[in-house]
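An overview of the molecular structure
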Amino acid sequence: MSRQLSGLKAWVVQRISAIYLAFFVLLLIYRLLVEPVANFEEWHAWVFHPLNSTLFLLFFLSLLFHAWVGVRDMLIDYLPSFPVRITSLVSFALVLTGLGVWILRIMMVYR
Amino acid sequence: MQIRMPPTAWVSIAHRASGVLMVLSIPFCVYLFGLSLSGEDGFQQSINLLHSPLVLLFGWALSWAIGHHLLAGIRFLLLDIDVGLSKDVANKSALAVLAGGGLLMLLLFGAWI
């Protein structure tokens, strides 16, 4: 049904996003746990440092794609009825898109 | 008919379940992220929220989810490039993932509190 993100493409996207997510999550955990953020200024400056904000945006992009492939696999596995499956897939895609826009707003408005 | 559930099966289904848990938590996390960056007040509110009882409970589950999903994911990626395919190694790595996931959960949640 969906030619984009089908089969091999989805598999590759999921793996590549997984590698980046693993890298970023470990980085985030290290930063937040090993040297915790003391106050708003430090936090804000760190997130919006040019390199970091780029890494964050890449993180959110990877996260949304990774979540899409994962959930899509599950919906395909557990929903045999076509109308139910297609509705769920489209709804979830819209939710992810909405989250993407929300994240973009945060990164643009709060800098 | 009974289906056996060896450790490798548990790792697999827990990987899926932890994924779902994290996906469901994305909206709240995005909200918290935005709140923390909105200003001095917002930052303080988000810190308070992070330590509220309900969020702490949920955070415990999330700490496990992150730990397990990450380790199980790495195990799957290694299997993709044919590392650890033999039954013996696969079983051992599955147990390691389950144990490691628990450990990471304690670590992350410990630091969270």
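Residues numbered from 1 in each chain as written. Chains lettered and ligands numbered in written order. Predicted model: local features only at pLDDT ≥ 70, side-chain atom pairs only at ≥ 80, totals over all residues. Heavy atoms only, no water.

1. Re the overall build of chain B
Helix and strand counts for chain B come out as four helices and zero strands. The helix and strand sequence of chain B, counted from the amino end, reads α-α-α-α. At 17 Å, chain B has a C-alpha radius of gyration far larger than the 13 Å of a compact globule built from 113 residues. With the principal axes as the frame, chain B shows a C-alpha extent of 55 × 30 × 25 Å. Considering only contacts within chain B whose residues lie at least 6 apart along the sequence, 76% involve residues at least 24 apart. Accessible surface computed for chain B: about 6400 Å², of which carbon and sulfur atoms make up 74%. (Helix = DSSP H or I, 4+ residues; strand = E, 2+ residues; numbered from the N terminus. Rg over C-alpha atoms; globule rule 2.2 N^0.38 Å. Contact = heavy atoms within 4.5 Å. Areas by Shrake-Rupley, 256 points an atom, 1.4 Å probe, with all protein chains shown as cover.)

2. Focus: the confidence of the model for chain A
Do not read the predicted coordinates in detail wherever pLDDT is low. Looking at chain A, pLDDT values average 91 and 95% of them are 70 or higher. Averaged pLDDT values for the elements of chain A fall to 91 in helix α1 (residues 7-34) of chain A and rise to 96 in helix α4 (residues 82-109) of chain A. (pLDDT = per-residue confidence, 0-100.)

3. Some details on the interface of chain B and chain A
Chain B puts 23 residues into the contact, and the matching count from chain A is 33 residues. Roughly 2300 Å² is buried in total at the junction of chain B and chain A, and carbon and sulfur atoms are behind 80% of that figure. The largest per-residue losses of area from chain B upon contact with chain A belong to B:Arg16, B:Phe33 and B:Leu37, which jointly make up 28% of the total buried on that side. If you look at where chain B meets chain A, you find two salt bridges. The salt bridge partner of A:Arg15 is B:Asp80, with a shortest N-O separation of 2.7 Å. Taken together, the links from chain B to chain A amount to four residue pairs in polar contact (both at pLDDT 80 or more). Mapped by element, the contributors of at least two residues to the side of chain B that touches chain A are α1 (7-37), α2 (40-50), α3 (53-80) and α4 (87-112) of chain B. The element contributing the most residues to the side of chain B that touches chain A is α1(B), with twelve residues. Along the lines of polarity and charge, the residues of the side of chain B that touches chain A split into 15 nonpolar, five polar and three charged. (Buried area = accessible area lost by both parts, 1.4 Å probe. Salt bridge = Lys/Arg side-chain N within 4 Å of Asp/Glu carboxyl O. Polar contact = N/O pair within 3.5 Å; in protein donor to acceptor, adjacent residues only side chain to side chain. Nonpolar A, V, L, I, M, F, W, Y, C, P; charged D, E, K, R; others polar.)

4. Overview of α1(B)
Because the α-helix completes a turn every 3.6 residues, residues three or four places apart line up on one side. Across its 31 residues, α1(B) extends 42 Å between first and last C-alpha, which sits within 8% of the 45 Å expected from 1.5 Å per residue. In the segment just after α1(B), B:Gly39 is the residue with positive phi, at about 160°. (Expected span 1.5 Å × (residues − 1).)

5. Considerations on the confidence of the model for chain B
All names here are of chain B. When pLDDT is averaged across chain B, the result is 90; 100% of the residues are at 70 or more. The weakest mean pLDDT in chain B belongs to α4 at 84; the strongest belongs to α1 at 94. For this predicted complex, the interface confidence comes out at an ipTM of 0.88, alongside a pTM of 0.89.

6. Description of the environment of A:Thr87
Residues and elements named next belong to chain A. Here Thr87 lies in helix α4. Exposure remark for Thr87: the relative accessible area of 48% places this residue in the partly exposed category. With 15 residues separating them in the primary sequence, Thr87 and Arg72 have C-alpha atoms 12 Å apart. (Buried < 20%, exposed > 50% of the residue type's maximum accessible area, 1.4 Å probe, protein only.)

7. A short note on the packing of α1(B) against α3(B)
Residue and element names in this part refer to chain B. Where α1 meets α3, the closest approach of the two axes is 8 Å, and the angle between their N-to-C directions is 130°. Judged by the angle between their axes, α1 and α3 are oblique. For the pair α1 and α3, the sense of crossing is left-handed. (Axes fitted to C-alpha atoms, helices over the stretch in contact; angles between N-to-C directions. Parallel < 35°, antiparallel > 145°, perpendicular 65-115°, else oblique. Left-handed = near helix turned anticlockwise from the far one by under 90°.)

8. Thoughts on the side chain of A:Ser53
Residues and elements named next belong to chain A. Among the secondary structure elements, Ser53 is positioned in helix α3 (residues 50-78). The exposure class assigned to Ser53 is buried, which follows from its relative accessible area of 15%. Reaching out from Ser53, the side chain makes a polar contact with the backbone oxygen of Pro50 at a distance of 3.2 Å. Those residues within four positions of Ser53 in sequence are excluded, and the remaining contacts are Val47, Phe48 and Met107.

9. So, the packing of α4(A) against α1(B)
At a minimum axis distance of 10 Å, the contact between α4(A) and α1(B) shows a crossing angle of 15°. On the basis of the axis angle, α4(A) is roughly parallel to α1(B). Crossing of α4(A) against α1(B): the hand is left-handed. Packed against α4(A), whose contacting residues are A:Phe92, A:Leu99, A:Trp102, A:Ile103, A:Ile106 and A:Met107, the element α1(B) presents B:Val23, B:Ile26, B:Pro27, B:Val30, B:Tyr31, B:Phe33, B:Gly34 and B:Leu37 at the interface. For the contact of α4(A) with α1(B), the class distribution of residues is 13 nonpolar, one polar and no charged.

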